[in-house]
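What follows is the residue order along each chain.
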Amino acid sequence: PENSPQADTRQNKTEQDALRYALGQLMMEADEKLGEIPQGMQDAEQEMRSSADALGRNDPGQSVPHQEKAIEHLQQSMRD
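Calculation criteria
- All chains use their own residue numbering, which begins from 1 and follows the written sequence.
- Thresholds applied to this predicted model are a pLDDT of at least 70 for local features of residues and 80 or more for the giving and counting of side-chain atom pairs; totals over whole chains, interfaces and linings are not thresholded and use all residues.
- Only hydrogens and water are set aside; all other atoms, that is, all heavy atoms of the structure, feed into the side-chain values.
- Where helices and strands are cited, they refer to DSSP runs of H or I of at least four residues and of E of at least two residues respectively, numbered from the N terminus.
- The globule rule used for comparison is 2.2 Å times the number of residues to the exponent 0.38, while the radius of gyration itself is calculated over C-alpha atoms.
- Between buried and exposed lies partly exposed: a residue is buried under 20% and exposed over 50% of the maximum accessible area for its type, with that area taken using a 1.4 Å probe on protein chains only.
- Here the nonpolar core consists of buried residues drawn from Ala, Val, Leu, Ile, Met, Phe, Trp, Tyr and Cys, with membership extended through side-chain atoms lying within 4.5 Å.
- A contact between two residues is defined here by any heavy atoms of the two lying within 4.5 Å.
- Working convention: axes come from line fits to C-alpha atoms, limited for helices to the stretch in contact. Angles between N-to-C directions cover 0 to 180 degrees.
- For classification, angles of less than 35 degrees are called roughly parallel, those exceeding 145 degrees roughly antiparallel, those between 65 and 115 degrees roughly perpendicular, and all remaining angles oblique.
- Helix crossings are classified by the rotation of the near helix relative to the far one: an anticlockwise turn of less than a right angle makes the crossing left-handed, while a clockwise turn makes it right-handed.
- Any Lys or Arg side-chain nitrogen found within 4 Å of a carboxyl oxygen on Asp or Glu counts as a salt bridge.
- Multiplying 1.5 Å by the helix residue count minus one yields the expected span of that helix.

**A short note on the overall build of the protein**
- Counting its regular elements, the protein contains three helices and zero strands.
- Counting from the amino terminus, helix and strand elements in the protein follow one another as α-α-α.
- For the protein, whose C-alpha radius of gyration is 15 Å, the value lies well above the compact-globule estimate of 12 Å for 80 residues.
- Principal axes of the C-alpha set define a box for the protein whose edges measure 55 × 20 × 10 Å.
- The buried share among the 80 residues of the protein stands at 24%.

In structure tokens form, the structure reads like this:
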């Protein structure tokens, strides 16, 4: 129904930022071992940042596509 309250996604921004931080740690480890950060990880980090920004604006509709792209980039990075 139109009058039902929407969930407040601003709290989810913190969770998304924590995931992005964990990815940052993996990126540093990859850099140490490979001598570079895989592009897929870099792209995923950027998508996660955009997702967190959307959640912070309480706009989950704009967050979801960034989350999906982040997953795609991470999967590609694993394949590479």
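**Concerning the nonpolar core**
- Judged by nonpolar contacts, L23, M27, A30, M41, A44, M48 and A70 together constitute the single largest core of seven residues.
- Sorting the residues of this core by element identifies α1 (10-34) and α2 (39-56) as the ones contributing at least two each.
- Leave out the neighbours within four places in its chain, and A70 touches A44, E47 and M48.

**Comments concerning the packing of α1 against α2**
- In the contact formed by α1 and α2, the axes pass within 8 Å of each other and the chain directions differ by 165°. Here α1 is positioned roughly antiparallel relative to α2, judged by the angle of their axes. Helix-helix and strand crossings are classified by hand; for α1 and α2 the assignment is left-handed. On α2, the residues that touch R10, N12, K13, Q16, D17, L19, R20, L23, L26, M27 and A30 of α1 are M41, Q42, A44, E45, M48, R49, S51, A52, L55 and G56.

**Some thoughts on the side chain of S77**
- Its place among the elements puts S77 in helix α3 (residues 60-79).
- For S77, a relative accessible area of 15% gives the class buried.

**Brief notes about the pattern of salt bridges**
- Counted by the stated rule, this structure contains five salt bridges.
- As a salt-bridge pair, R10 and D8 come within 2.7 Å of each other at their nearest N and O atoms.
- With relative accessibility at 48%, the residue R10 sits in the partly exposed group.
- When its relative accessible area of 34% is taken as the criterion, D8 is described as partly exposed.

**Considering α1**
- If you check α1, its first and last C-alpha atoms are 36 Å apart, about what 25 residues at 1.5 Å a residue would give, namely 36 Å.
- For α1, the set of buried residues is Q16, L23, M27 and A30.
- Looking at the buried positions of α1, the neighbouring elements they touch are α2 and α3.
- A positive phi of about 80° marks G35, the residue just after α1.

**So, unusual backbone geometry**
- If you check the backbone angles, N58 has positive phi at about 60° while not being a glycine.
- On the secondary structure map, N58 appears in the loop between α2 and α3.
- Judged by its relative accessible area of 29%, N58 is partly exposed.

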